[in-house]
Amino acid sequence: MIKWSKNWFAGTVAAILTAAVAFAGCAAPSGSPAASTSPAKSINLNGAGATFPAPLYTKWFDEYNKLTGVKVNYQPIGSGGGISQITEGTVDFGATDGIMTDAETAKAESKNGPILHIPMTSGSVAVIYNLSGISTGQLKLTGDVLANIYLKKITKWNDPAITSINPGLKLPDAAIAVVFRSDGSGTTYIFTNYLCKVSSDFKSSIGNAKAVKWPGDIGGQGNAGVAGQVQQIPNSIGYVELAYAEQNKLAWASLKNAAGNFVEPSLAATTKAAEGISLPDDMKVMLTNSSNAEAYPIVGFTWILVYVNQKDKDKGEALAKMLWWAIHDGQKYTEPLTYASLAGSTVTKAENAILSIKYQGQPLITR
Amino acid sequence: MKERSGYFRRKQFSRLMLVLCGIATAFVILVLILILGYTLVNGISYLSLDFITQPSKPVGEVGGGMRDDIYGTFILVGLASLIALPVGMMTGIFLAEFAGPKAASAIRFAADILAGVPSIIVGVFAYAILVRPMHTYSALSAGVALAIIMIPVVARTAEESLRLVPNSQREAALALGISRWRITLGVIVPGAVTGIVTGIMLAVARIAGETAPLIFTALGSAFGVQGLTQPIGALPLQIYRYALSPYKDWQQQAWAAAFLLVILVLGINVVVRLVSSRRKK
Amino acid sequence: MNKCKPDRSAAAAGGDIMSAARARVGDTIFTRLTLFFSILMVAILVALLIALGIDAWPAIQKFGLSFITSVEWDPVNEVFGALPAIYGTLLSSAIGLIIAVPISLGSAIFLSELAPEWMRRPCSFLIEMLAAIPSVIIGLWGLYVMVPFIRNPIEIWLGSNLGFLPLFSGPPFGVGFLSAGIILAIMVIPIITAVSREVIVAVPLTQREAMLALGATRWEMITRAVLPYCRSGLVGGVILGLGRALGETMAVTMVIGNAYALSPSLFSPGATIASKVASEFNEASGDLYIGSLIELALVLFAITLLVNIIARLLVWRTVSVRGTGE
């Protein structure tokens, strides 16, 4: 009989098995979320979606946990992921930088009833470039010119369309290396939304979506990919989240807004954008090309998606309370992390939306 | 004289080729040093005992570590191994010892195809069969996804190693009247142990660093390990998210974590090999 | 080597019939068990294919065979075609293997035949460590360190001296098929090296001694006695490496440039099936878009199948060769 103790192989396998079982055993202390024996205090909420607000949400839910003990686990999987997961019901709330399309809304609502878009904060998309001798903010672009660059209709930096708005800048006689986002993203959604508004050519040939068919040249994976390409390839242009451009000290362009002023992306300019747009009650509106004089033109809300009809009273109530906190007390955490806080008018409409969240017909929270 | 110069040329050629082999090895090690060095340089500010023992902090707050994600990685690797090792080893044994040529060919073929499936697709599959029906992300689904990636590697390397054990061993044992299954487990497998362990370690190294399947199955957890049927965090997932984030703070943590991951895998490698080589005569 | 104590109960002369029968039952159970697990593995593969087939159906229905020949990828207008991705996958994997196989074999030979005893274990560890580095980290290193180096001096030198060849034409962006191929080589070398080393070391001493006794040089001994003996193992290692190369996502996505175009130039940005799926799957919505991405994955399955068949045909003569005794 083979002595198992002497058999190294069995020994190693047994060790791994024991370890795994031990880990798994230690890993299941709090049980499943549906356990009714757990005290009401230790509520677990899971949310997933847009990467853009993830740093803010991480901060929020860390603070919220210290405040109330509720564990809100938010993970960035992308706006599209946020929409599909809330539709499938694998998470308690979703998050997206792009408004749900009619088809997406129909699908979600057919499964779980009406769904709400609640804005949490807004952010800008910076247009970055790599031109030697031209520092941040010096390059001026209009929406039309930007669209034509991305349409590959303007192919050189010293094209008259660009030089005419930049008198005094020495622009090289070189091809523009155009960098786009290769992964679908809310950033692309906001960027293309703007370009569609300012260029009918762009609207008809490319369109507004999280992923589009760019005529060229190079795709970067994520903000890091785009920034990396722009930093390395001379005479290139790209677009990234403002936070990314700021934190990594990238040179960005000043864009001409709808009021005719050239504005650099900044927190103030981001907040102003919401003040130039009329907000519908369902808050499904894009903030691009705002008419406010000081607004930056490429701005977007980021929303949290929740169903009106909640299936679990405790979780639904915790969710509603968390959202209420986020649009009020939570806003004080936005600016230190370079996110714009919500304007007053936005908060009022968001409040109404949160108050409409129900369990079995009854609203879950009151003012 | 002619023979001597012919031999001399052959010997020169032999020396040349062997030097080239040495250069090839040096090149590989150079690349490793470049990558690992770059990783270390970028993450050094975060490498400390705190990193291993502290939970993660939101951006803007200095410090914090990846304790929960390290724990999560161990659990997922353990879970995946629990599923993949029996399946892979038994398949390898079947292919090497018991299968007829046609069956072996077919199964080997299937293993090679499975080995070529992009990890993201495995993740999507695990999502469809586990996450969606269960209406929750879970450590279980992540473990299953990783196991599917491990199985073909373990199976094929086990098979190749087992086949190289000389037939004389089998014949001698059979002559002693030992039953086949005892021969396989007691003689052949130990005889192929270093090869099998290599295969297992390669598979473990691979899944310890896999991100794509985890995106669809584990989700990630801000509050540590909550249970087998709850979302769970893991090092590669966190590395991926932090590395592509805007904040230098998080980026540095990503590099530090990557370095840590490599050291962890190396550690497992060393331990397992030590155990197996001490046993083997 | 023989650690197993012979089972006397079954081996007793004449045989205790019950023990012998027990041993046979043990054998049957064990054999059936191994068969079961093997079939389980195949079942997983089949289940994968079916699940993918179901999700890809809307796209298969809509595009039919034109999916493979079309070069359009337009999520807004919902027109999808796979050809540039197929081309990119094959090209980058081919470059990867062309670079990786000689280097891996060379390293394996060095580590098993030539290196002094003290060097072998540590060096093998180091090479295996390369396999442990997360794909995204290799991708980022590739993007920030390797790609600039490829762009300048490599692509610039190749472009100015050999630019008349379509292979080296076009602007030197750095990212592109060449970089993708090199990154794949880096990822695949540890696998091929580790497996090759294992099988080379397992070749019996007698084979080597016989060859040397015939007057062969070291190199001749390796190429004529050792390598042919473990040929199937070597091929197995290369196929494992190829599988990894075909399916590698993150690292390739970061350095391939993600342009959807068919170009003969190695400098051109491109896409592989895996990079396309990895980039867009998370955000894709709509049955046709998702279905097309899944169909891309199925196409990759088909490519892996084809490549495996070809590899097998090339070495079909090497049927399962057991060790021939000491």
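Residues numbered from 1 in each chain as written. Chains lettered and ligands numbered in written order. Predicted model: local features only at pLDDT ≥ 70, side-chain atom pairs only at ≥ 80, totals over all residues. Heavy atoms only, no water.

1. A closer look at the confidence of the model for chain B
In this model, chain B carries an average pLDDT of 86, and 97% of its residues clear a pLDDT of 70 or more. At the level of chain-chain contacts, confidence expressed as ipTM amounts to 0.85, with global pTM at 0.82. (pLDDT = per-residue confidence, 0-100.)

2. Quick look at the sheet that holds strand E5 (residues 140–141) of chain A
Residues and elements named next belong to chain A. Strand order in the open sheet made by the 3 strands is E5-E9-E10, with mixed pairing throughout. If you trace the sheet from one side to the other, it starts and ends with E5 and strand E10 (262–263), each paired once. Note that strand E9 (residues 254–256) and E10 share 2 bridges and pair antiparallel. If you follow Leu255 over to E10, its bridge partner there is Val263. (Pairing = 2+ DSSP bridges. Helix = DSSP H or I, 4+ residues; strand = E, 2+ residues; numbered from the N terminus.)

3. Points about the sheet that holds strand E1 (residues 44–49) of chain A
Residues and elements named next belong to chain A. Taking strand neighbours across the sheet as the criterion, the 8 strands line up as E2-E1-E3-E11-E4-E8-E6-E7 in an open arrangement whose pairing is mixed. Every interior strand has two partners, whereas the edge strands, strand E2 (71–76) and strand E7 (218–220), have only one. Pairwise comparison of adjacent strand axes, ignoring direction, gives a mean angle of 25° for this sheet. Across 2 bridges, the pairing between strand E6 (residues 177–181) and strand E8 (residues 236–241) is parallel. Paired with Val178 across the bridge in E8 is Ile237. Lying over the sheet, helix H3 (residues 79–88) contacts E1, strand E3 (93–96), strand E4 (115–130) and strand E11 (299–307), oriented at roughly 155° with respect to E3. (Axes fitted to C-alpha atoms, helices over the stretch in contact; angles between N-to-C directions. Contact = heavy atoms within 4.5 Å.)

4. Some remarks on the pairing of E1(A)
Residue and element names in this part refer to chain A. With 6 of 6 residues buried, E1 lies mostly within the body of the structure. Where E1 and E2 come together, 6 bridges link them in parallel fashion. Residue pairing for E2: Asn44 is matched across the bridge by Lys71. Where E1 lies against E3, 3 bridges are found, and the strand directions are parallel. The partner of Gly49 across the bridge, within E3, is Ala95. (Buried < 20%, exposed > 50% of the residue type's maximum accessible area, 1.4 Å probe, protein only.)

5. A few points about the nonpolar core
By size, the foremost hydrophobic cluster in this structure holds 341 residues, and its most contacted members are A:Leu141, A:Leu146 and A:Tyr150. If you tally residues by element for this core, the top one is helix H7 (residues 177–201) of chain C, at 16 residues. In contact with A:Tyr150, not counting residues within four places along its chain, are A:Val178, A:Val179, A:Phe180, A:Phe191, A:Phe202, A:Ile206, A:Trp214, A:Pro215, A:Ile237, A:Gly238 and A:Tyr239. (Core = buried A, V, L, I, M, F, W, Y, C linked by side-chain atoms within 4.5 Å.)

6. Some points on the domain arrangement of chain B
Residues and elements named next belong to chain B. If you check the domain split of chain B, you get domain 1 (2–46) and domain 2 (52–280). Relative to domain 2, the C-alpha centre of domain 1 lies at a distance of 30 Å. The interface is formed by 8 residues belonging to domain 1 together with 10 residues belonging to domain 2. Here domain 1 and domain 2 share an interface that buries about 840 Å² over both sides, 76% of which is from carbon and sulfur atoms. Of all residues in domain 1, the largest losses of buried area upon contact with domain 2 belong to Leu36, Thr39 and Tyr46, amounting jointly to 62% of the total for that side. At the junction of domain 1 and domain 2, the tally comes to 0 salt bridges. Between domain 1 and domain 2 we count 2 residue pairs in polar contact (both at pLDDT 80 or more) in total. Along the lines of polarity and charge, the residues of the side of domain 1 that touches domain 2 split into 4 nonpolar, 4 polar and no charged. (Domains from an automatic or database assignment. Buried area = accessible area lost by both parts, 1.4 Å probe. Salt bridge = Lys/Arg side-chain N within 4 Å of Asp/Glu carboxyl O. Polar contact = N/O pair within 3.5 Å; in protein donor to acceptor, adjacent residues only side chain to side chain. Nonpolar A, V, L, I, M, F, W, Y, C, P; charged D, E, K, R; others polar.)

7. Brief notes about the packing of aromatic side chains
Counted by the stated rule, this structure contains 32 aromatic pairs over all chains. Ring plane angle 75° and centroid distance 5.4 Å describe the contact between B:Phe216 and C:Phe281, whose orientation is recorded as edge-to-face. You can see B:Phe216 sitting in helix H10 (residues 212–217) and its partner C:Phe281 sitting in the loop between helix H12 (273–280) and helix H13 (287–314), one on each of two chains. C:Phe281 shares its class with B:Phe216; the two are buried. Aromatic side chains C:Tyr87 and C:Phe177 sit 5.6 Å apart centroid to centroid with 85° between the ring planes, which places their arrangement in the edge-to-face category. Placement of the pair is C:Tyr87 in helix H4 (residues 83–114) and C:Phe177 in helix H7, with a sequence separation of 90 residues. The class of C:Tyr87 is partly exposed, set by a relative accessible area of 26%. Among the aromatic residues, those joined into a cluster by ring pairs are A:Tyr57, A:Trp60, A:Phe61, A:Tyr64, A:Tyr74, A:Phe93, A:Trp325 and A:Tyr333. Positioned above the aromatic ring of A:Phe262, the side-chain terminus of A:Lys140 is 5.8 Å from the ring centre. (Phe/Tyr/Trp six-rings, centres within 6.5 Å; stacked < 30°, edge-to-face > 60°. Lys NZ or Arg CZ within 6 Å of the ring centre and 35° of its normal.)

8. So, the interface of chain B and chain C
A common way to express how large an interface is: the accessible area buried when the components associate. Contacts between chain B and chain C engage 98 residues on the former and 101 residues on the latter. Contact between chain B and chain C buries roughly 9,100 Å² in total, counting both sides, with carbon and sulfur atoms accounting for 76%. On the chain B side of the interface with chain C, the three residues burying the most area are B:Ile35, B:Arg163 and B:Leu164, jointly 7% of the side's total. The tally of links from chain B across to chain C stands at 1 salt bridge. Between B:Arg10 and C:Glu220 there is a salt bridge, with the nearest N and O atoms lying 2.6 Å from each other. In this assembly, chain B and chain C are joined by 7 residue pairs in polar contact (both at pLDDT 80 or more). Of the residues belonging to the side of chain B that touches chain C, the class tally is 63 nonpolar, 21 polar and 14 charged.

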